[in-house]
Amino acid sequence: MRCLIVADLHYSLPQYDWLVAQAPRYDLVIIAGDHIDMSSAVDGRAQMVVVGKYLDLLKEKTQVYTCSGNHDLDGRDSEGEKVSQWINELNSRGIGSDDTSVESDGTLFTLCRWWDGPKAQIKLREQLARDAERPKKKWFWVHHAPAADSPVSWSGSKFVGDTVLMDWVKTFKPDMVFSGHIHQSPFTSAGSWVDRVGQSWVFNVGQHPGAPPAHLVFDSVANEVVWFSMMGVQSVKLDAPLIRPLPMLRALPDWLTSGDQARGQSPDRSSLPVG
């Protein structure tokens, strides 16, 4: 299984165009929240319609999983807590999203809503507890906010991640957690796009303008995650210790340049920046 992971596209249409073009090369595309930019001059409802059309285009090319972020909220539930109704409704269109758990190739993906109050927090914890009991080879979470007290949530001056998520990671021990939200964490001197919490790997894709966006590529055969950004390319082998500082790669891993084993296609190397 080969996955392409992004986050915090914030209505950047060039980044969505890039994502649609790249999607056929992957078995799965994951978008870890914040599709919308609520500071944009474009009305939020209009953004949701446009992004929804992009997500439908992606679904025609490969599997798509996503979750809501804080910019994606568009209403309140019966408890008065903010929710992203339009993201949740993607489930009915064949796009895995909030409150859903999906199995793919033996891996269970838990797609976590952005919780805005105690009721939604309890509901999400119950989802994680149920999924902890399900049989699976691997367990991945998609959760917009990154774990607290970790380089993946370092703002440049303090840790600003999700303390509840960190507790859940320590309790339930997923294999990997894909997040975003704190745009600058991978680009600060004390921050990072990757960390270990016990045996769990936690990631923050990061965000920068322009296409291609910052993104991760995960390959289950190579057991490796590669991070691409305006800074260059780094990678971690999931069966090896995490040793810092991570070097910038001078060349892409062989499995990325020798053809796509899962889809039978070669990667578009021109779209992959090499540091």
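Since the model is a prediction, treat every value here as computed from it, not as a measurement. Numbers given to residues run from 1 along each chain, matching the order in which its sequence is written. Predicted model: local features are reported for residues with pLDDT of at least 70 only, side-chain atom pairs are reported and counted for 80 or more only, and whole-chain, interface and lining totals are derived from all residues. Side-chain metrics in this entry use all non-hydrogen atoms of the structure; hydrogen atoms and water are not considered.

A. Just the pairing of strand β14 (residues 232–237), in detail. The buried label goes to any residue with under 20% of its type's maximum accessible area, the exposed label to any with over 50%, and the partly exposed label to all in between, with areas taken from a 1.4 Å probe on protein chains only. Counting from the N terminus, the helices are the DSSP runs of H or I reaching at least four residues and the strands are the DSSP runs of E reaching at least two. With 5 of its 6 residues buried, β14 lies for the most part within the structure. Two strands make a pair as long as DSSP finds a minimum of two bridges between them. Inspection of the sheet shows strand β13 (residues 224–229) paired to β14 by 6 bridges, in the antiparallel sense. Each residue of the ladder has a partner; that of Glu 224, found in β14, is Lys 237. Here β13 folds back onto β14 in antiparallel fashion, the turn holding 2 residues.

B. Focus on the packing of helix α1 (residues 13–22) against helix α2 (residues 44–61). Between N-to-C directions, angles span 0 to 180 degrees; the directions come from axes that are lines fitted to C-alpha atoms, helices contributing only their stretch in contact. Across the interface, α1 lies against α2 with an axial gap of 10 Å and an inter-helix angle of 15 degrees. One way to sum up the angle between α1 and α2 is to call them roughly parallel. Considering only the axes of α1 and α2, their crossing is left-handed. When α1 is examined against α2, the residues Leu 13, Tyr 16, Asp 17, Leu 19 and Val 20 are found in contact with a partner set consisting of Val 50, Val 51, Tyr 54, Leu 57, Leu 58 and Lys 61. Gly falls in the polar group here, along with every residue not listed as nonpolar (Ala, Val, Leu, Ile, Met, Phe, Trp, Tyr, Cys, Pro) or charged (Asp, Glu, Lys, Arg). Considering only residue class, the contact of α1 with α2 consists of 9 nonpolar, no polar and 2 charged. Relative orientations are named as follows: roughly parallel for angles under 35 degrees, roughly antiparallel for angles over 145 degrees, roughly perpendicular for angles from 65 to 115 degrees, and oblique for any other angle. Two helices that cross are described as forming a left-handed crossing if the nearer one is turned anticlockwise from the farther one by less than a right angle, and a right-handed crossing if clockwise. For this analysis, residues touch if any pair of their heavy atoms sits within 4.5 Å.

C. Focus on the packing of helix α4 (residues 118–133) against helix α5 (residues 163–172). Here α4 crosses α5 at 20 degrees, and the two axes come no closer than 11 Å. Between α4 and α5, the interaxial angle falls into the category roughly parallel. Read as a crossing pair, α4 and α5 show a hand that is right-handed. Contacts between α4 and α5 pair Gln 121, Leu 124, Arg 125, Leu 128, Ala 129 and Ala 132 from the former with Val 164, Trp 168, Thr 171 and Phe 172 from the latter.

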